[in-house]
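The residues making up each chain are set out below.
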Amino acid sequence: MSKNLFDYGEENVENLNEEKLSNSNDSNNTLHNNDNSFKNNSTASAVEEEAKTLYEKYKDYSQDNLIQEFLSTSKEKLMDGSLSQDKINSTANALLPYLNDSQKQMMKSLLEQLK
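Being a predicted model, the structure only gives us computed values, none of them experimental.

Peer 1: What is the right way to read the overall build of the protein chain from this model?
Peer 2: Helix and strand counts for the protein chain come out as five helices and zero strands. In the protein chain, the order of α-helices and β-strands from amino to carboxyl end is α-α-α-α-α. In the protein chain, which comprises 115 residues, the share counted as buried stands at 19%. Residue pairs in contact within the protein chain that sit at least 24 positions apart in sequence constitute 61% of those at least 6 positions apart. Accessible area for the protein chain stands at about 8400 Å²; split by element, carbon and sulfur atoms hold 52% of it.

Written out as C-alpha cells, the structure reads:
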C-alpha cells in the first residue's frame, strides 16, 4: 500500500518524539543517536524514492485535479479503515505552523470536506 501525506506527517512526528526521548537520556545519547541516524537515513532514502515516484505521477495535475485526487483517496482510506480522523488531525496540526494564511484556509476547507 502506498503512503499518503498523513503517513509521512505521522512518521515525522514519531521521529521528533524519538529524538526528544533520546536527548532526555544523556547516558545513552551517543549510541541511541547513532542508531537513529542509521534508521533515519534508511527511512529518508525510502521517503525520497516515494516522493520521486509521487512527483512523477502527479507533476502534470492541476491544483483542482490534485485536490480531487487527495479527497477521493482520503475518503476511500477513511472508509476502509486505513486512515482515521485522529491521524488526519494530528498530521494537519503538525503541518499548520509551516503554512501561510492562504494555505491554512485551504487545509481547513479540505478537512471540512473529509468529515
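Structure shown, so let's carry the discussion forward.
Peer 1: I would appreciate a short explanation of the pattern of salt bridges in the present structure.
Peer 2: Opposite charge on two side chains permits them to pair, given that their charged atoms come into close proximity. As enumerated under the stated definition, the model contains four salt bridges in all. K52 is the salt-bridge partner of E49, the closest N and O atoms lying 3.9 Å from each other. Of this pair, E49 and K52 both sit in helix α2 (residues 29–58), three residues apart, which is roughly one turn of that helix. Looking at K52, the relative accessible area reads 46%, which means it is partly exposed. Put simply, E48, E49 and K52 are held in one network by salt bridges that share partners.

Peer 1: Even after reading the chapter, I still don't get the packing of aromatic side chains, so can you show me in this structure?
Peer 2: What describes a pair of aromatic rings is the distance from one ring centre to the other and the angle between the planes of the rings. Following the criterion strictly, the structure yields one aromatic pair and no others. Ring geometry for Y58 and Y61: centres 5.0 Å apart, planes at 85°, overall edge-to-face. Accessibility expressed as a relative area gives 32% for Y61, which makes it partly exposed.

Peer 1: Whenever I open this one, the packing of helix α4 (residues 85–95) against helix α5 (residues 101–114) confuses me. Can you help?
Peer 2: In a pair of packed helices, the angle between the axes and the distance between the axes together describe the arrangement. One way to put it is that α4 packs onto α5 with a least axis distance of 12 Å and a crossing angle of 175°. The orientation of α4 relative to α5 falls into the category roughly antiparallel. On α5, the residues that touch Q85, I88, A92 and L95 of α4 are M107, L111 and L114. Of the residues in the contact of α4 with α5, the class split is six nonpolar, one polar and no charged.

Peer 1: What is the right way to read helix α3 (residues 63–80) from this model?
Peer 2: One turn of the α-helix equals 3.6 residues, which is why residues spaced by three or four share an orientation. Here α3 spans 26 Å end to end across 18 residues, near enough to the 26 Å set by a 1.5 Å rise per residue. Inspection of α3 places I67, L71, S74 and K77 among the buried residues, and these make up the whole buried set. One side of α3 holds all its buried residues, which, seen down the axis, span an arc of 135°. Among the exposed residues of α3, those oriented more than 90 degrees off its buried face are Q68, E76 and M79.

Peer 1: Honestly, the nonpolar core in this entry has me stumped. Any pointers?
Peer 2: A general tendency of soluble globular proteins is for nonpolar side chains to be buried together. Formed by I67, L71, L83, I88, L110 and L114, the largest nonpolar core amounts to six residues. Mapped by element, the contributors of at least two residues to this core are α3 and α5.

Peer 1: Honestly, the packing of α3 against α5 in this entry has me stumped. Any pointers?
Peer 2: Two numbers describe how α3 lies on α5: the axes approach to 10 Å, and their chain directions differ by 40°. Put simply, α3 runs oblique to α5. Note that α3 runs across α5; the crossing there is right-handed. Counting all contacts with α3, which are made through Q63, I67, F70, L71, S74, K75 and L78, the residues of α5 involved are M106, L110, Q113 and L114. The residue inventory of the contact of α3 with α5, partitioned by class, reads seven nonpolar, three polar and one charged.

Calculation rules
- Residues numbered from 1 in each chain as written.
- Predicted model: local features only at pLDDT ≥ 70, side-chain atom pairs only at ≥ 80, totals over all residues.
- Heavy atoms only, no water.
- Helix = DSSP H or I, 4+ residues; strand = E, 2+ residues; numbered from the N terminus.
- Buried < 20%, exposed > 50% of the residue type's maximum accessible area, 1.4 Å probe, protein only.
- Contact = heavy atoms within 4.5 Å.
- Areas by Shrake-Rupley, 256 points an atom, 1.4 Å probe, with all protein chains shown as cover.
- Salt bridge = Lys/Arg side-chain N within 4 Å of Asp/Glu carboxyl O.
- Phe/Tyr/Trp six-rings, centres within 6.5 Å; stacked < 30°, edge-to-face > 60°.
- Axes fitted to C-alpha atoms, helices over the stretch in contact; angles between N-to-C directions.
- Parallel < 35°, antiparallel > 145°, perpendicular 65-115°, else oblique.
- Nonpolar A, V, L, I, M, F, W, Y, C, P; charged D, E, K, R; others polar.
- Expected span 1.5 Å × (residues − 1).
- Arc of directions from axis to C-beta.
- Core = buried A, V, L, I, M, F, W, Y, C linked by side-chain atoms within 4.5 Å.
- Left-handed = near helix turned anticlockwise from the far one by under 90°.

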